[in-house]
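Examination of the molecular architecture
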Protein chains: 2
Amino acid sequence: MVTSKEVHMQDLIRQAEALCQRSGMAFTAPRRRVLEILAASETPMKAYDLISKAGEGGQATKPPTVYRALDFLCQLGLVHRIEQDATFVACNHAGHAQPVALFVCNSCLKATEVAYGEVSPILEKAAAAKGFNLQRLVVEGRGQCQDCAMAA
Amino acid sequence: MVTSKEVHMQDLIRQAEALCQRSGMAFTAPRRRVLEILAASETPMKAYDLISKAGEGGQATKPPTVYRALDFLCQLGLVHRIEQDATFVACNHAGHAQPVALFVCNSCLKATEVAYGEVSPILEKAAAAKGFNLQRLVVEGRGQCQDCAMAA
DNA sequence: CCTAGTATGTTATTACATAACACCCTATAT
DNA sequence: ATATAGGGTGTTATGTAATAACATACTAGG
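A brief structural summary. Since the structure is predicted, the reported quantities are computational estimates derived from the model, not experimental observations.

1. Some details on the interface of chain B and chain A
Taken together, the contact between chain B and chain A spans 33 residues of the former and 33 residues of the latter. Surface buried jointly by chain B and chain A totals about 2,800 Å² across both partners, of which 63% is contributed by carbon and sulfur atoms. On the chain B side of the contact with chain A, Phe103(B), Lys130(B) and Phe132(B) bury the most area, a combined 20% of that side's loss. Taken together, chain B and chain A are joined by zero salt bridges. Here chain B is connected to chain A by 16 residue pairs in polar contact (both at pLDDT 80 or more). If you list the elements that add at least two residues to the side of chain B that touches chain A, you get β4 (100-105), β5 (111-115), α5 (119-128) and β6 (133-144) of chain B. A total of twelve residues in the side of chain B that touches chain A trace back to one element, the largest contributor, which is β6(B). Across eleven bridges, strand β6 (residues 133-144) of chain A lies against β6(B) in antiparallel orientation.

Have a look at this one:
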């Protein structure tokens, strides 16, 4: 059986390859490895869990290798960093141009992505009212996800 | 001359005292010290800068002392933690019931507080559409503040 | 070839945060 | 008066997150 996770991963990998091709960057082994691990994970992962996992199967993988891969993948928009708790998650609707908010479930720790296109201009305007020119926006949250609400 | 910073600090301290009184908690020396340092700072501060500064003038101040004070002050809403860069800033409109976004200037690093009351329900609704019950929201940003825009 | 640009490997260190336990203070119940 | 429970701090040690700095390798264009 082919799980949706696996399909998702194939998508992400293809996306990554395409993006790299276009921008003349290399989709190298460590970058692929990090993306695969994140894509396979149910929940956002801490950097050092990633480092351990990437090191399984022989060669040790050191922090800088993984952090560099994460930076790269974040810039491409294939991975999101969740600032609240310093974790990383594979984007689950690869290729979105839209900004997304990440809402983390307090029970199962899974992240739900929600597009917030409509609120960007509102916040930009609110910022502009104070003379602030908004360039980058971070929207995150905590709460209870659908599955956990059902279970309760 | 009495600066607006100093007035702001007096306000915050009074607020803190009042809040503690009401909830039966103690506004102790380390808590006061941390709040004073933050209120006097132009920009958000890193925890370890706070630790050093709190330790000036004799007794060494250790990380747990400061982190405990920060947790306390954050819960009271007198201090905000900026997740993006793990810094802390005194709230500059003490006693707001409103949630606020924190926008950090890329040049001078000062934080601008912007109330985002109007967008909360929108995001809550967007989350609800995916079955997510939003309990806590973090809105932060980066960009250029008014002063730096003028200077440029 | 050679060299400029991109990327990784490796060592070491810096920065951020908390666990765990001892001690103190103060309010209140006996 | 004294025991004790709760809230708070002090201290040691450690866990966790991230990066600096420098060496090495791969690949494309001159």
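2. Quick word on the protein's contact with DNA strand D
The environment of DNA strand D is formed by 17 residues, the closest being Tyr48(A), Tyr67(A), Arg81(A), Thr28(B) and Arg68(B). Among the atoms of DNA strand D close to the protein, meaning within 4 Å, 55% are from sugar or phosphate groups. Between DNA strand D and Tyr67(A) there is a distance of 2.9 Å, counted from a phosphate oxygen to a side-chain nitrogen or oxygen. A distance of 2.7 Å separates a base nitrogen of DNA strand D from a polar side-chain atom of Arg68(B).

Rules of the game
- Residues numbered from 1 in each chain as written.
- Chains lettered and ligands numbered in written order.
- Predicted model: local features only at pLDDT ≥ 70, side-chain atom pairs only at ≥ 80, totals over all residues.
- Heavy atoms only, no water.
- Contact = heavy atoms within 4.5 Å.
- Buried area = accessible area lost by both parts, 1.4 Å probe.
- Salt bridge = Lys/Arg side-chain N within 4 Å of Asp/Glu carboxyl O.
- Polar contact = N/O pair within 3.5 Å; in protein donor to acceptor, adjacent residues only side chain to side chain.
- Helix = DSSP H or I, 4+ residues; strand = E, 2+ residues; numbered from the N terminus.
- Pairing = 2+ DSSP bridges.
- Near = heavy atom within 4 Å.

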